[in-house]
Amino acid sequence: MKVLFLTHSFNSLTQRLFAELTARGHEVSVEFDIADAVSEEAVALWQPDLILAPFLKRAIPASIWRHHLCWVVHPGIVGDRGPSALDWAIQEGENEWGVTVLQAEAEMDAGPIWATASFPMRRARKASLYRQEVTEASVTAVLSALERLKRGEKPTPLHEWPNARGRLRPLMKQADRAIDWQNDDMQTVLRKIDAADGFPGVADSLLGHACHLYDAWPETRLKGEPGAVIARRETALCRATVDGAVWIGHVKRAGGIKLPATVTFAREAAGVPELPLAGWWSADHATWQDIRYEEDGAVGFLHFDFYNGAMSTRQCERLREAFLWATARPTRVIVLMGGRDFWSNGIHLNLIEHAASPADESWANINAIDDLAEALIRCESHLTVAALSGNAGAGGCFLARACDEVWVRDGVVLNPHYKNMGNLFGSEFWTYLLPPRVGSEGAAAIMRHRLPMLAYAAVECGFYDAVLPAPTFGDEVARRAAALAQDFAARIAAKRARRAADEARKPLAAYRAEELAQMRRNFYGFDPSYHVARWHFVAKTPHSWTPRHLARHRM
Ligand code: COA
């Protein structure tokens, strides 16, 4: 089928559906919902059999749905309507939620139903549920809707749907989200911030300044005057509730960008007691720990849950330190687990934007991530594994490849390219790591290909090593890592020999110098594309046109 995606942006859910439908032989083109006339033009050019709206912020124009089959993917159960579906579901503590594929008609989200898929609710942030459960359910629902269409079936009107319990709910306002620090307990505060993460955040004030709050974590040991900021650690500030406390990782001030709380309030928080992590060992989840280590026999697991997968200079340095520390443990395999939603999205573009000199901070950050990649490549005491249970983008995809093995959860969306960020050349030793696995032409193709890649496609082309089933990912990683430890002697000897041969042929330092020479040009050169692209990305400026690599109908 010829399918046109009409979408607000090419977000992770849209990327996943795009890749799934393309892999099934459908011809998919994308148009951003910018203006009715532009969407009408896209429809006229592509002549689609189906228009799919995976992520829209307003209704499809009548001029389109009256004449074409249009499906809307709504992140809610049957009967649910309104723009804050997930926000309400989290805040009201729903036990089960779902995704519905509706036919677009006059009233938003009120058309007949093509398919639905449900999932048990997890206690998690909105953005996390969206990237995991909602995305999986959307794929299931869209594929079963396509099956129904193929069988010549018609959609079911809402009033004929048995036991539809969803209802129309308004836009959730900041008044509905407001935290009452004198009365709300820790769980209530967490639920309110979770329901608003990563957009729009909860409007509040911190250290005397109005801001929106994001990225909250429980703290059960520390106590203080409700509402008071009682400690700081790395990116986060700890704020007391009536019964415990929460760590607030990120905030956004009016007109500003989303930044770590300790960066935004560096001056104001200077007097707040610092409470560094006691070490890398995994704590008992009683506090916030962004880097944590666990061990099971001969296998060490290094978790690093950095907000949005963005890795700042300091986070790269700390992760390298934690990794080197782990290499001194009496283990054989180290698995880099990343975070649940993201493994890594490369250098931290928001902190770079915020820096006094974005070029200097870009340079520091790329060197820090390269130092980490180099530590992984040069590690000769352990076998290393990158286990991607979350998505990865740009430098994060190549950083994973610096490990000996890369295992990826089925359903993960990868964006292994740099070009979308103002034609960045990229580093993380991709020029060393890719050719032996995918060939020189394959490496060039991956870099040129500016589209998302599914896990199995990454393995098929030799970029990664294995796709593991989603429901048992953690167990399967542990099982395979233990098996790798059994095969240690032969594998580590082969690794040392390969590294020595590679080094003799061309030193790692030469790859790094060549890549960084290109990056220096990106950061400090005449062409400002990277700085412009980064600003648009960080400031989330609305799209005014659809990139040509997505809008195939305009090629
Ligand atoms: N630095 C800072 N923030 C980042 C980031 C980065 N490298 N990568 C992603 N984010 C943030 C986004 O701004 C967004 O923030 P929000 O919580 O305020 O909405 C959030 O992470 C999720 O990103 P989003 O773009 O909505 O996710 P996605 O799954 O739709 O898209 C990517 C994934 C990887 C395609 C996209 O995030 C991207 O292009 N990131 C930049 C990668 C990059 O160029 N890195 C630098 C070169 S190494």
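What am I meant to see in the overall build of the protein chain here?
Along the backbone of the protein chain there are 19 helices and 22 strands. The globule rule puts the C-alpha radius of gyration for 555 residues at 24 Å, and the 24 Å found for the protein chain is close to it. Principal axes of the C-alpha set define a box for the protein chain whose edges measure 65 × 60 × 50 Å. By residue count, 55% of the 555 residues in the protein chain fall in the buried class. Across the protein chain, every contact between residues at least 6 apart in sequence was considered, and the portion connecting residues at least 24 apart equals 69%. Of the roughly 23000 Å² of accessible surface on the protein chain, 54% is carried by carbon and sulfur atoms.

So what exactly am I meant to see when it comes to the domain arrangement of the protein chain here?
One frequently used descriptor of interface size is the decrease in accessible area upon assembly of the parts. For the protein chain, the assigned domains read domain 1 (2-171), domain 2 (180-264) and domain 3 (291-471 + 488-524). A straight line from the C-alpha centre of domain 1 to that of domain 2 covers 32 Å. Taken together, the contact pairs eight residues of domain 1 with 14 residues of domain 2. For the pair domain 1 and domain 2, the two sides together bury roughly 930 Å², of which 43% comes from carbon and sulfur. If you look at where domain 1 meets domain 2, you find three salt bridges. Across the salt bridge formed by Asp197 and Arg125, the nearest N and O atoms sit 4.0 Å from each other. At the junction of domain 1 with domain 2, the criterion picks out seven residue pairs in polar contact (both at pLDDT 80 or more). At the level of secondary structure, the elements contributing two or more residues to the side of domain 1 that touches domain 2 comprise helix H4 (85-91) and helix H5 (126-150).

Honestly, unusual backbone geometry in this entry has me stumped. Any pointers?
Keep in mind that most residues, glycine aside, have a negative phi and that most peptide bonds are trans. Put simply, Asp197 and Gly198 share a cis peptide bond, and its omega is -10 degrees. With respect to the helices, strands and loops of the structure, Gly198 is situated in the loop between helix H7 (186-194) and strand S7 (202-206). For the bond from Phe199 to Pro200, the omega torsion is 5 degrees, close enough to zero to count as cis. You can see Pro200 is positioned in the loop between H7 and S7.

Is there a simple way to explain the packing of helix H9 (residues 313-327) against helix H11 (residues 358-378) in this structure?
Packed helices, taken two at a time, are described by the angle between their axes plus the distance between the axes. Between H9 and H11, the least distance of the axes is 8 Å, while the angle of their chain directions is 15 degrees. By the angle between their directions, the pair H9 and H11 is classed as roughly parallel. Pair H9 / H11 crosses with left-handed handedness. For the pair H9 and H11, the contacting residues are Thr313, Cys316, Glu317, Leu319, Arg320, Phe323 and Leu324 in the first and Glu361, Ala364, Asn365, Ala368, Ile369, Asp371, Leu372, Ala375 and Leu376 in the second. Among the residues forming the contact of H9 with H11, the class breakdown is 10 nonpolar, two polar and four charged.

Rules used in this analysis
Residues numbered from 1 in each chain as written. Predicted model: local features only at pLDDT ≥ 70, side-chain atom pairs only at ≥ 80, totals over all residues. Heavy atoms only, no water. Helix = DSSP H or I, 4+ residues; strand = E, 2+ residues; numbered from the N terminus. Rg over C-alpha atoms; globule rule 2.2 N^0.38 Å. Buried < 20%, exposed > 50% of the residue type's maximum accessible area, 1.4 Å probe, protein only. Contact = heavy atoms within 4.5 Å. Areas by Shrake-Rupley, 256 points an atom, 1.4 Å probe, with all protein chains shown as cover. Domains from an automatic or database assignment. Buried area = accessible area lost by both parts, 1.4 Å probe. Salt bridge = Lys/Arg side-chain N within 4 Å of Asp/Glu carboxyl O. Polar contact = N/O pair within 3.5 Å; in protein donor to acceptor, adjacent residues only side chain to side chain. Axes fitted to C-alpha atoms, helices over the stretch in contact; angles between N-to-C directions. Parallel < 35°, antiparallel > 145°, perpendicular 65-115°, else oblique. Left-handed = near helix turned anticlockwise from the far one by under 90°. Nonpolar A, V, L, I, M, F, W, Y, C, P; charged D, E, K, R; others polar.

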